[in-house]
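Survey of secondary and tertiary structure
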Amino acid sequence: MRVTDLALNDFRSYRELVLTFDRGVTAFVGRNGQGKTNIVEAIAYLATFSSHRVAADTALVRRGTGGAVVRAKVRAADRDTVLEVEIVSGRANRARLDRHPTRPRDLLGRLAVVVFAPEDLELVRGDPSARRRFLDEVIVQLRPRMAEVRTRYDRVLRQRVALLKSAGAAARAGRSMDLSALDVWDEQLAEAGAQIIAARADLVARLRPHVAAAYREVSGYGGASGGGDGANTNGEAGADPAFMGDQGDARIDGRYSLVGAEDGPQPDAAVLAGVTGPDTTDPELAARQRAAFEALESDLTDVDRNAERLLAALQEARSKEVERGVCLVGPHRDDLALALGTMPARGYASHGESWSYALALRLASWRVLRDAAEETGVGDPVLVLDDVFAELDSRRRKRLATMVAEAEQVFLTAAVDEDVPDELGGARVDVSAGSAVPREAPGERDDDD
Ligand SMILES: Nc1ncnc2c1ncn2[C@@H]1O[C@H](COP(=O)(O)OP(=O)(O)OP(=O)(O)O)[C@@H](O)[C@H]1O
Ligand SMILES: [Mg+2]
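Residues numbered from 1 in each chain as written. Chains lettered and ligands numbered in written order. Predicted model: local features only at pLDDT ≥ 70, side-chain atom pairs only at ≥ 80, totals over all residues. Heavy atoms only, no water.

**Focus: the site of ligand 1**
- Neighbouring residues of ligand 1: 16 residues in total, closest Gly33, Lys36, Thr37, Asn38 and Arg53.
- Asn38 has a polar backbone atom sitting 2.8 Å from an oxygen atom of ligand 1.
- Asp387 is positioned such that a nitrogen or oxygen atom in its side chain is 3.4 Å from an oxygen atom of ligand 1.
- Coverage of ligand 1 by the protein chains reaches 73% of its 650 Å² of free accessible surface.
- For the shell around ligand 1, the residue count by class is two nonpolar, seven polar and seven charged. (Near = heavy atom within 4 Å. Polar contact = N/O pair within 3.5 Å; in protein donor to acceptor, adjacent residues only side chain to side chain. Areas by Shrake-Rupley, 256 points an atom, 1.4 Å probe, with all protein chains shown as cover. Nonpolar A, V, L, I, M, F, W, Y, C, P; charged D, E, K, R; others polar.)

**Here we look at the pattern of salt bridges**
- For the coordinates displayed, the defined rule picks out 38 salt bridges.
- With a closest N to O distance of 3.7 Å, Glu84 and Arg96 form a salt bridge. In this pair, Glu84 sits in strand β5 (residues 79–88) while Arg96 sits in strand β6 (residues 94–97), placing the two residues twelve residues apart along the sequence.
- The exposure class assigned to Glu84 is buried, which follows from its relative accessible area of 12%.
- With relative accessibility at 36%, the residue Arg96 sits in the partly exposed group.
- For Glu191, the salt bridge is made with Arg152, and the minimal N-O distance between the two is 2.5 Å. Here Arg152 lies in helix α4 (residues 146–172) and Glu191 lies in helix α5 (residues 180–219), a separation of 39 residues in the sequence.
- By sharing partners, the salt bridges in this structure join Arg160, Asp183, Asp186, Arg318 and Glu321 into a single network. (Salt bridge = Lys/Arg side-chain N within 4 Å of Asp/Glu carboxyl O. Helix = DSSP H or I, 4+ residues; strand = E, 2+ residues; numbered from the N terminus. Buried < 20%, exposed > 50% of the residue type's maximum accessible area, 1.4 Å probe, protein only.)

**Side note on α5**
- For α5, built from 40 residues, the straight-helix expectation of 58 Å at 1.5 Å per residue is met to within 8% by its first-to-last C-alpha distance of 54 Å.
- Roughly 35 degrees is the biggest bend found in α5, and it falls at Leu207, with proline Pro209 one to four residues downstream.
- Downstream of α5 by one or two residues, Gly220 has phi in the positive range, about 80 degrees. (Expected span 1.5 Å × (residues − 1). Bend = angle between axes of the 7 residues up to and from the residue.)

**Comments concerning the sheet that holds strand β1 (residues 2–11)**
- Spatially, six strands are ordered β2-β1-β4-β5-β6-β7 in an open sheet, and the strand pairing comes out antiparallel. At either end of the open sheet lies a strand with only one pairing partner, and these are β2 (14–20) and β7 (100–102). Going across the sheet, the axis of each strand differs from the next one's by a mean of 20 degrees, ignoring polarity.
- Pairing of β6 with β7, which is carried by three bridges, proceeds in the antiparallel orientation. By the bridge assignment for β7, Arg96 is matched with Pro101. (Pairing = 2+ DSSP bridges. Axes fitted to C-alpha atoms, helices over the stretch in contact; angles between N-to-C directions.)

**Concerning the packing of aromatic side chains**
- According to the stated counting rule, one finds six aromatic pairs in the structure shown.
- Ring plane angle 70 degrees and centroid distance 4.7 Å describe the contact between Phe21 and Phe411, whose orientation is recorded as edge-to-face. In this pair, Phe21 sits in the loop between β2 and β3 (24–29) while Phe411 sits in strand β13 (residues 409–414), placing the two residues 390 residues apart along the sequence.
- Residue class for Phe21 comes out buried when judged on its relative accessible area of 6%.
- Ring centres of Phe116 and Trp355 lie 5.3 Å apart, and the angle between their planes is 85 degrees; on these two criteria the pair is classed as edge-to-face. (Phe/Tyr/Trp six-rings, centres within 6.5 Å; stacked < 30°, edge-to-face > 60°.)

**What to know about the environment of Asp10**
- Along the chain, the position of Asp10 falls in strand β1.
- Under the relative-accessibility criterion, Asp10 is labelled buried at 18%.
- Sequence spacing of Asp10 and Gly64 is 54 residues, and the spatial spacing of their C-alpha atoms is 9.3 Å.
- Dropping the residues within four chain positions of it, Asp10 is found in contact with Arg15, Leu60, Val61, Arg62, Thr65, Gly67 and Ala68. (Contact = heavy atoms within 4.5 Å.)

**With respect to the sheet that holds β3**
- Read across the open sheet, the six strands follow the order β8-β12-β13-β3-β14-β15; overall the sheet is mixed. In the strand order of this sheet, the two ends are held by β8 (113–116) and β15 (435–438), each with one partner. Pairs of neighbouring strands in the sheet enclose a mean axial angle of 20 degrees, with direction left out of account.
- Here β8 runs beside strand β12 (residues 382–386); their pairing, made up of four bridges, is parallel.

**Digging into the packing of helix α3 (residues 128–142) against α5**
- Look at α3 against α5: their axes get within 10 Å of each other, and the N-to-C directions meet at 95 degrees. With respect to α5, the element α3 is oriented roughly perpendicular. In this structure, α3 contributes Arg132, Phe134, Leu135, Asp136, Val138, Ile139 and Leu142 to the contact, and α5 contributes Ile196, Ala199, Arg200, Leu203, Val204, Arg206 and Leu207.
- Across the contact of α3 with α5, the residue classes break down as ten nonpolar, no polar and four charged. (Parallel < 35°, antiparallel > 145°, perpendicular 65-115°, else oblique.)

**Details of the pairing of β13**
- Most of β13 is tucked away, with six of its six residues classed as buried.
- Of the two faces of β13, the one holding Gln409, Phe411 and Thr413 and the one holding Val410, Leu412 and Ala414 are both buried throughout.
- Bridge count for β3 against β13 is six bridges, and the pairing is parallel. Paired with Val29 across the bridge in β13 is Ala414.
- A crossover connection joins β12 to the parallel β13 through helix α12 (residues 394–404); in handedness this β-α-β unit is right-handed. (Right-handed = clockwise from strand over helix to strand, strands pointing away.)

**Here we look at the nonpolar core**
- With 85 residues, the main nonpolar core has Leu207, Ile252, Tyr357, Leu359, Leu385, Leu400 and Leu412 as its most contacted residues.
- Per element, the largest residue contribution to this core is 15 residues, and it comes from α5.
- For this core, the domains that each give at least three residues are domain 1 (2–112 + 378–438) and domain 2 (142–344).
- Other than its neighbours up to four places away in sequence, Leu412 contacts Val25, Thr26, Ala27, Phe28, Leu385, Phe389, Val420 and Leu424. (Core = buried A, V, L, I, M, F, W, Y, C linked by side-chain atoms within 4.5 Å. Domains from an automatic or database assignment.)

**A few points about the confidence of the model for the protein chain**
- Confidence along the protein chain averages 85 in pLDDT terms, with 86% of residues attaining 70 or more.
- Note on residues 224–247: pLDDT under 50 across the span, and 47 contacts to partners over four residues away in sequence or across chains.
- For residues 261–278, every residue scores under 50 in pLDDT, and the model assigns this stretch 26 contacts once sequence neighbours within four places are set aside. (pLDDT = per-residue confidence, 0-100.)

Quick look at the structure:
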C-alpha cells in the first residue's frame, strides 16, 4: 500500500500543506527544526492515532489554533481510500472515511505504517512499558479489534487497583471490607487480559526469526551459523559485536507475568525453571530452555486457558495485592526480553548495537505486517525512517538501503542529502521553515509505476 496524497491543516508547524507521493522512496531533507518529522508524524498518526513523539495530542495542533486536520489518500490493492482525522484540542477526534463521517476506530487498519525514529532507543534501553507498547501497536495493526480490548483492559485495571488500594487502607485501619466487587473485576481483567497475552505470545513468536535476521542484516553480524557479509569486523565504531565471538545473535523472548506469577499457575516446572531462571551460557542448556519456552509460548496463545490461569493467579495473589495495593498479575506486567548472544541488550549493548537492535525490532514488525497482509487485507505497510541514516556508518547505510528497497513506499528524513544513501534514489522534498517543496514534480522521474 502507499499514500498518494497528503493534506495537513494546522498540524504542528504547518498551516497548510499539500503533497503528492509516488511509490518508492520519498526523502524529506532540511535543517534541524524545519518540520521534516512533523510530516512523517502526520502520516503515522493516521495509521495509529498516536504519535511516536508525544503521548497527548495537544502538541500536534498548531499553536494558537483550535484543531488540526490530517487527510491522506491511500492506495491499497488498486483501490483508493481517503482517510481524514480532525484532532481537536481537549476533545475526541473526529474521523471521515471517503469524506463520510465515521468513528475514528473505523479508520484503523486501513493504513499500516511502521515508524523507526530516534525515540526507539527506548525499546532497548527503556522500561518494559516501551516494549509492551511496541508489541501492542503491532497487534492493533494486525487486528484492529484489539484496540478496544486494550482500552477495556486498562480501564478494568485502573478500577481494580483503586479497589485494592481502598481495601488495603481499610485493612490497615483494622476495618473489614466487602471484597466481592473484586471478583467482578477479576473476571473482566482475566477476559481482556487473556486476549492480550495470547496476541503477544503469537506476535513474539512471529517476530523472533525476523528480529534475528534483521539484526544480522543491519549490523552485518554473521550470526552463529556464519554467513552475512564479513561478520564481526573490527574497526566499525562500537557496532559489531566482535567481542561476542559467535554468540551475538539477537533473540527476543516474551516475559509473561502470568508464567512467573508467584503462587500462580505452574504449567510445567521444568519449563518455568527455563523461563524464569538466569540465562545460561551453556549452549546446550540454553537450547533446551528455548525449546521449552517456545512450547510454553505457543500454549499461551490459547485465550480460554489464559483466562482460567489468570483467574487462578489473581485469586492466589489476592491477599498480597490487598496488602500492597497493586495488581500483581496480568499483561500490564509483561516484558519483552532482548538478548544479544548470551547477554541482555539492556545495560550491555553499545550505543550502535542498541540502535541496530531497535531498528531490527521495527523492521521485523514491518515484515510481520507485510507477511500478514493477506489476512489483514491492508497490504505492505508504509515504512517511515526518521533520522536513521545519520546514525549509521556507510556500510550500515548501504545495508539498510538494500533492506528498505523491498518496501512499496518509504518516507525518510535527513538533515542533508549526503545522509541519504545514493542507492536509495527516489524523490526528494526540501523542507524549510514550515514549507515543503518537491525538488521535481512527481512524474518527471523514471518510475516503475
Ligand atoms: N504544535 C505546534 N505548533 C507550532 N509549531 C510547532 C508545533 N509543534 C512543533 N512545532 C515546531 O515544529 C518544529 C519542529 O519540526 P520537526 O520536529 O518536524 O523538525 P525536523 O525538521 O524534524 O528537525 P530535526 O532535524 O531537528 O529532527 C519546531 O520548530 C517546533 O517549534
Ligand atoms: Mg526530526
